[in-house]
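# A closer look at the structure
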Amino acid sequence: MKKNMLVMAAAVCMTAVLSACSSGSTETTAAAADTSAEAAEDTTAAESAKEESAEAADAGEESTEAAGGTLIMVTNAEFPPYEYHENNEIVGIDVDIAKAIAEHMGMELEIQDMAFDSLIPAVDSGKADFAAAGMTVDPDRQQFVDFTDTYAEAAQVIIVKEGSEIATPDDLAGKTIGVQTGTTGDMYADDIQDAEVQRFNKGMDAVMALTQDKIDAVIIDREPAKVFVEENEGLTILDEAFTEEEYAIAVKKGNTELLNSMNEAIKELKDSGELQAIVDKYIAAE
Ligand code: ARG
């Protein structure tokens, strides 16, 4: 109960008047601004929320050990709609989820952008607290990191040029396939018989290579695939998905305290419908 109040109070506080809430980080503030625009109009509510928030913080019973600290998230912001750049900012589903989790934990959030295949090393070495990057739960990765509960269903799909002779995953044998380095698409492509795998830093670069006929197909996650196909003429996604997967957040192996706090926050986001609301903000219903 108290936790809910704290989260709401923080959101109202940060939305209402930035100057009145000296501790709000810009990242967290932006998240709150999105979700509680209505509350911003009610200054009285904001004032009392501020007090409640302070009280709750004093009581301390709901705060984590690291309360007041900063969670460092790493991601690879080349993956719309989960993370991408917009107006010099990193935005997307994972960003909003991470902001909501940080808020729930009473922490600030800092986001660092890096190559996808640097994410697990960054978490493993302790340079970052967690990676949120549309990352698929995968046993190989679980040797190095622990995954939270999953928060999205996903799939690897195949993008080809319209009119391509590739019509099903089986047709990929012997073809040249573009992938983003270190992704599950990369792993699967590697197993395709006689296929040549071309690795790119960004999924979009693989898609560009496809439009230029440098490769025959791209294996990539469904939601970014939809965005890339929409942005480039003459491409299509095969009906048959390559694999089904699930996304989760990666934390350092053995950091059960952080893992449990994040899982608690994820559960609350699921139960309250907030998670679905975030997804709906970025992905139009079909
Ligand atoms: N789901 C895939 C994987 O885990 C691709 C994720 C790519 N994410 C990104 N932010 N570039 O390997």
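Remember, predicted model here, so these are calculated numbers, not experimental data. Counting of residues starts from 1 at the beginning of each chain's written sequence and follows it residue by residue. Where local features are concerned, this predicted model is filtered to residues with pLDDT of at least 70; where side-chain atom pairs are given and counted, the filter is 80 or more; whole-chain, interface and lining totals use all residues. The side-chain quantities take in all heavy atoms of the structure and omit both hydrogens and water.

Each residue's exposure class comes from its accessible area (1.4 Å probe, protein chains only) as a fraction of the maximum for that residue type: buried when under 20%, exposed when over 50%, partly exposed otherwise. Helical segments are the DSSP runs of H or I of at least four residues, strand segments are the runs of E of at least two, and each set is numbered from the N terminus. The complete set of buried residues in helix H11 (residues 274-282) reads Leu-275, Ile-278, Val-279 and Tyr-282. The buried residues of H11 all sit within an arc of 95° when viewed along its axis, so they share a single face. Directions drawn from the helix axis to the C-beta atoms are what define this arc.

Attention now goes to the pattern of salt bridges. Note on definitions: salt bridges are taken to be side-chain nitrogens of Lys or Arg within 4 Å of carboxyl oxygens of Asp or Glu. With the rule as written, the count across this model stands at nine salt bridges. Here Asp-213 makes a salt bridge to Lys-161, at a shortest N to O gap of 3.1 Å. Residue Asp-213 is found in the loop between helix H8 (203-211) and strand E11 (217-221), and its partner Lys-161 is found in strand E8 (residues 152-161); the two are separated by 52 residues along the sequence. Measuring nitrogen to oxygen at the nearest pair gives 3.0 Å for the salt bridge that ties Glu-165 to Lys-175. Residue Glu-165 is found in the loop between E8 and strand E9 (176-180), and its partner Lys-175 is found in the loop between E8 and E9; the two are separated by 10 residues along the sequence. With relative accessibility at 64%, the residue Glu-165 sits in the exposed group. Its relative accessible area of 18% is what places Lys-175 among the buried residues. Each member of the salt-bridge network shares a partner with another, and the members are Asp-186, Asp-190 and Arg-199.

To continue, consider the site of the ligand. Each residue is tested against the molecule or strand, and it is near if at least one of its non-hydrogen atoms lies within 4 Å. Within the structure, the ligand sits among 15 residues, and Asn-76, Thr-136, Arg-141, Thr-184 and Asp-221 are positioned closest to it. A distance of 2.8 Å is found between a nitrogen atom of the ligand and a backbone nitrogen or oxygen belonging to Gly-134. Within the side chain of Gln-180, an N or O atom sits 3.0 Å from a nitrogen atom of the ligand. What sets the accessible areas is the Shrake-Rupley method with a 1.4 Å probe; for residues, cover comes only from the shown protein chains. Burial of the ligand by the surrounding chains reaches 100%, relative to a free accessible area of 340 Å². Basically, the charged four are Asp, Glu, Lys and Arg, the nonpolar ten are Ala, Val, Leu, Ile, Met, Phe, Trp, Tyr, Cys and Pro, and anything else, Gly included, counts as polar. Here the shell around the ligand is built from residues that sort into five nonpolar, six polar and four charged. Polar contacts, as counted here, are pairs of nitrogen or oxygen atoms within 3.5 Å of one another; within protein the pair requires one atom able to donate a hydrogen and one able to accept it, and residues that are adjacent in sequence qualify only if both atoms are side-chain atoms.

A word on H8. Those residues of H8 that sit buried are Gly-203, Ala-206, Val-207, Ala-209 and Leu-210. The arc enclosing the buried residues of H8, seen along the axis, measures out at 155°, which places them on a common side. The contact criterion used is simple: two residues touch if any of their non-hydrogen atoms lie within 4.5 Å. Where H8 is buried, its residues meet E8, E9, strand E10 (196-200), E11, helix H9 (222-231) and strand E12 (235-237). Count one or two residues on from H8 and you reach Asp-213, which has phi positive near 60°.

The term nonpolar core refers to a set of buried residues drawn from Ala, Val, Leu, Ile, Met, Phe, Trp, Tyr and Cys, joined through side-chain atoms within 4.5 Å. Core analysis: the largest hydrophobic core is formed by 38 residues, its most contacted members being Ile-101 and Phe-130. Here this core gets eight residues from one element, more than from any other, and that element is helix H5 (residues 93-105). Residues Val-157, Phe-200, Ala-206 and Ala-225 belong to the second largest nonpolar core, which totals 16 residues.

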